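Structure at a glance
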Amino acid sequence: MKQSFTYYLTLLVIKLKGLKKNFSEDPVDFRKLRKEDVYEPKGGFFKKHVTRNFKISDSSITEIQQNKEQNKLLIFIHGGAFISGPAKHHWDTIKAISKQTDFTIWLCNYPKAPEHKITEISDNIDSMYRLALETYTSDQICLIGDSAGGTLITTLTQRIISNNLQIPKKIILISPVMDASMSNTDINDVDLVDPMLSKLGILSAKKMCVGNLDLKNPMISPLYGSFEQFPETILYIAERDIAYPDQKLAVEKFKAANVNLKLVEGTNMPHIWPLLPVMKEAKISLQEIISQLNKDK
């Protein structure tokens, strides 16, 4: 499949920004990565449509709503290797989704490692979902997340099922990291062609987050948890992503559990490609995601 000009332009920008270099350090420089964080989005759209900001435990939730008649909720859990975020591309994605769907959106800015560990982060995510169930029925709720956000959505769904809570209608996972241990030997080959991430830095970030747990604990590595009874799942994976080998293993577990899975595999695509700005392939994929959210109107 031939890639667009904007694909190569995006790879050049990624290289010039030094993302691969940043994620090739141990310990990874989380303070440097946080310089790209955006906590309050700029622009007239957000000024008009951010209806409230509120706290749940140590998480900050930004609610974006086009009108008060909206009765569906999209919970957006951003990526950033558990150590940073949200970034501008997360807000840009939310803006596009909000404009083209009838969802109220909650952007969850959860506590980050190394100051906070995965147990605390997970408790925050659980509290947010329980609060959502106080206002919305489960079939009105969808979840979306990229990278570590996709990890958190997957582990949240596993806990929802094990705790017999109401299951969300649909989850959308964009380049989720399924195994924090990075122990899959196939990752070493993909690391050579991944333009954005490196095993060394990602593993460093996961160690900052895991605390006293094992890196293969399902709370941070959903690959080792159950995929039984998962709701409809839309999964975006990418060939040039060090998380790709473990995503492929997760696909087999989804299939073995008879999950209603829609798999979108990005040929030669990098990590979180549907959210990347400028790139033609990203814009097409984001429109597909929006179509999936609108499918049940």
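As a starting point, this report considers the structure included with it. (Residues numbered from 1 in each chain as written. Predicted model: local features only at pLDDT ≥ 70, side-chain atom pairs only at ≥ 80, totals over all residues. Heavy atoms only, no water.)

1. Section: the nonpolar core
One recurring pattern in soluble globular proteins is that nonpolar side chains are buried together. Ranked by size, the top nonpolar core spans 96 residues in total, and within it I75, I77, I83, I125, M128 and F254 carry the most contacts. Setting aside residues no more than four positions away along its own chain, I83 makes contact with V28, F30, L33, R34, K112, A113, A205 and M208. (Core = buried A, V, L, I, M, F, W, Y, C linked by side-chain atoms within 4.5 Å. Buried < 20%, exposed > 50% of the residue type's maximum accessible area, 1.4 Å probe, protein only. Contact = heavy atoms within 4.5 Å.)

2. Some thoughts on the sheet that holds strand β4 (residues 103–109)
Spatial strand order, β1-β2-β4-β3-β5-β6-β7-β8: eight strands in an open sheet with mixed pairing. Where the open sheet ends on each side, the last strands, each with one partner, are β1 (50–56) and β8 (261–270). Taken over all neighbouring pairs, the strand axes of this sheet differ in orientation by 15° on average, direction set aside. Bridge count between strand β3 (residues 72–77) and β4: six bridges; the pairing is parallel. Residue L74 lies in a different strand from β4, and its bridge partner there is I105. (Pairing = 2+ DSSP bridges. Helix = DSSP H or I, 4+ residues; strand = E, 2+ residues; numbered from the N terminus. Axes fitted to C-alpha atoms, helices over the stretch in contact; angles between N-to-C directions.)

3. Here we look at the pattern of salt bridges
Here the idea is simple: oppositely charged side chains can pair when their charged atoms come close. One pass over the structure, following the stated rule, counts nine salt bridges. With its nearest N and O atoms 2.8 Å apart, the salt bridge here joins R159 to D126. Of this pair, R159 sits in helix α7 (residues 148–162) while D126 sits in helix α6 (residues 118–135), and the two are 33 residues apart along the sequence. The exposure class assigned to R159 is buried, which follows from its relative accessible area of 15%. (Salt bridge = Lys/Arg side-chain N within 4 Å of Asp/Glu carboxyl O.)

4. Some points on the layout of surface pockets
What the largest pocket holds in volume is close to 830 Å³. In this structure, the largest pocket is lined by 33 residues; those nearest its centre are K17, L19, E36, A87 and H89. Those elements that place two or more of their residues in the lining of the largest pocket are α1 (5–17), α2 (19–22), α3 (30–33) and α5 (88–100). The class makeup of the residues in the lining of the largest pocket is 15 nonpolar, 10 polar and eight charged. (1 Å grid on protein atoms, 1.4 Å probe; cavity = no way out; pocket = protein on both sides within 12 Å on 5 of 7 lines; lining within 4 Å. Points joined across faces, edges and corners; volume = space filled by probe spheres on them. Nonpolar A, V, L, I, M, F, W, Y, C, P; charged D, E, K, R; others polar.)

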